[in-house]
Amino acid sequence: MKDNLDLAASAQQLADDAPAGSLDRAAAASVAITLATTRDVDQARQQLSGVSPDDVRQAALDLFERLAAG
């Protein structure tokens, strides 16, 4: 399994590739920052549950689950 920093790098790449101002970019950036600043995936998942607005939170959680599963 990849560690938080590996997952953060993947999320950052997705954010960089997404169009500026898009939901995908906001979600991926949120995931990247959260993974880079937490100890493990459980703590990251918990922190992501506090992201707002709701659409960014849901997109971030969905992306996080895809990255964590892979």
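Since this is a predicted model, take the numbers as computed values, not measurements.

A.B. asks: For this particular structure, what's the right way to read the nonpolar core?
C.D. replies: Nonpolar side chains in soluble globular proteins tend to be buried together. If you look at the biggest cluster of nonpolar residues, it comprises 21 residues, and the most contacted ones within it are Val31, Leu35, Leu48, Phe64 and Leu67. Of all the elements in the fold, those that place two or more residues in this core are α1 (4–17), α2 (23–36), α3 (41–48) and α4 (54–69). Tallying contributions element by element places α4 first for this core, with eight residues. If near-sequence neighbours (up to four positions away) are discounted, Leu67 is found in contact with Leu7, Ser10, Ala11, Leu14 and Val31.

A.B. asks: How do you make sense of the packing of α2 against α4 when you look at a structure like this?
C.D. replies: Axes are the key here: two packed helices are described by the angle between their axes and the distance separating the axes. With their axes 8 Å apart at the nearest point, α2 and α4 run at an angle of 60 degrees to one another. Relative to α4, α2 is oriented oblique. Taken as a pair, α2 and α4 cross one another with a handedness that is right-handed. Seen from α2, the contacting residues are Leu23, Ala26, Ala27, Ala28, Ser30, Val31 and Leu35; seen from α4, they are Asp55, Val56, Ala59, Ala60, Leu63, Phe64 and Leu67. Grouping the constituent residues of the contact of α2 with α4 by class yields twelve nonpolar, one polar and one charged.

A.B. asks: I would appreciate a short explanation of the pattern of salt bridges in the present structure.
C.D. replies: The full count for this structure, using the stated rule, is three salt bridges. Notably, a salt bridge pairs Arg45 with Asp42, separated by 3.2 Å at the nearest N-O pair. With Arg45 and Asp42 both in helix α3 and three residues apart, the pair spans about one turn of that helix. Among the salt bridges present, the one from Arg45 reaches Glu65, with a minimum N-O distance of 2.8 Å. With a gap of 20 residues between them, Arg45 in helix α3 and Glu65 in helix α4 connect regions that are remote in the sequence. We classify Arg45 as partly exposed; its relative accessible area is 30%. One connected set of salt bridges, linked through shared partners, spans Asp42, Arg45 and Glu65.

Criteria and cut-off values
- Residues numbered from 1 in each chain as written.
- Predicted model: local features only at pLDDT ≥ 70, side-chain atom pairs only at ≥ 80, totals over all residues.
- Heavy atoms only, no water.
- Core = buried A, V, L, I, M, F, W, Y, C linked by side-chain atoms within 4.5 Å.
- Buried < 20%, exposed > 50% of the residue type's maximum accessible area, 1.4 Å probe, protein only.
- Helix = DSSP H or I, 4+ residues; strand = E, 2+ residues; numbered from the N terminus.
- Contact = heavy atoms within 4.5 Å.
- Axes fitted to C-alpha atoms, helices over the stretch in contact; angles between N-to-C directions.
- Parallel < 35°, antiparallel > 145°, perpendicular 65-115°, else oblique.
- Left-handed = near helix turned anticlockwise from the far one by under 90°.
- Nonpolar A, V, L, I, M, F, W, Y, C, P; charged D, E, K, R; others polar.
- Salt bridge = Lys/Arg side-chain N within 4 Å of Asp/Glu carboxyl O.

Such coordinate-based values are descriptive only and should not be taken to indicate function.
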